[in-house]
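# Notes for the structure review
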Amino acid sequence: MKTLRQIKVGESARVVKLHGEGAVKRRIMDMGITKGVEVYVRKVAPLGDPVEITVRGYELSIRKADADMIEVE
């Protein structure tokens, strides 16, 4: 299993599955990160948190903990 957190800067990945429960999973889905969507990793902060990604044509910053819940291929 590979997560969004493991994707290097400048690489793209496709979301396979969202892990997590209830409100956390709903918040990730509300940001546009759903199964099958293409995600591009733009930047990672110096200490690794947050991660800036492009999804559905807009930029989004997410925490490492949230990126760990997103399984990609």
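See the structure shown above.
Attention in this report is confined to the structure presented alongside it. Along each chain, the written sequence defines residue order, and numbers are assigned to residues from 1. Selection of residues for local features in this predicted model requires a pLDDT of at least 70, selection of side-chain atom pairs for listing and counting requires 80 or more, and totals for whole chains, interfaces and linings are taken over all residues. Only hydrogens and water are set aside when side-chain values are computed; all heavy atoms of the structure are taken into account.

Turning to the environment of Ile 70, a few remarks are in order. To qualify as a helix, a DSSP run of H or I must reach at least 4 residues; to qualify as a strand, a run of E must reach at least 2; elements of each kind are numbered from the N terminus. Checked against the element boundaries, Ile 70 lands in strand β6 (residues 70–72). Considered as a pair, Ile 70 and Val 51 are 19 residues apart in the sequence and their alpha carbons are 13 Å apart. What makes two residues a contact is simply this: any of their non-hydrogen atoms within 4.5 Å. The contacts of Ile 70, once residues within four sequence positions are left out, are Lys 2, Thr 3, Leu 4, Val 15, Lys 17, Leu 18, Ile 28, Ile 33 and Ile 62.

With that out of the way, let us pick up the sheet that holds strand β5 (residues 58–62). In this description, strands pair whenever DSSP reports at least two bridges between them. The 6 strands lie next to each other as β1-β6-β2-β3-β4-β5, forming an open sheet whose pairing is antiparallel. With one partner strand each, in any of the chains shown, β1 (2–3) and β5 form the two edges of the open sheet. Relative to β6, β1 is paired through 2 bridges, and the arrangement is antiparallel. For Thr 3, the partnering residue across the bridge sits in β6 and is Glu 71.

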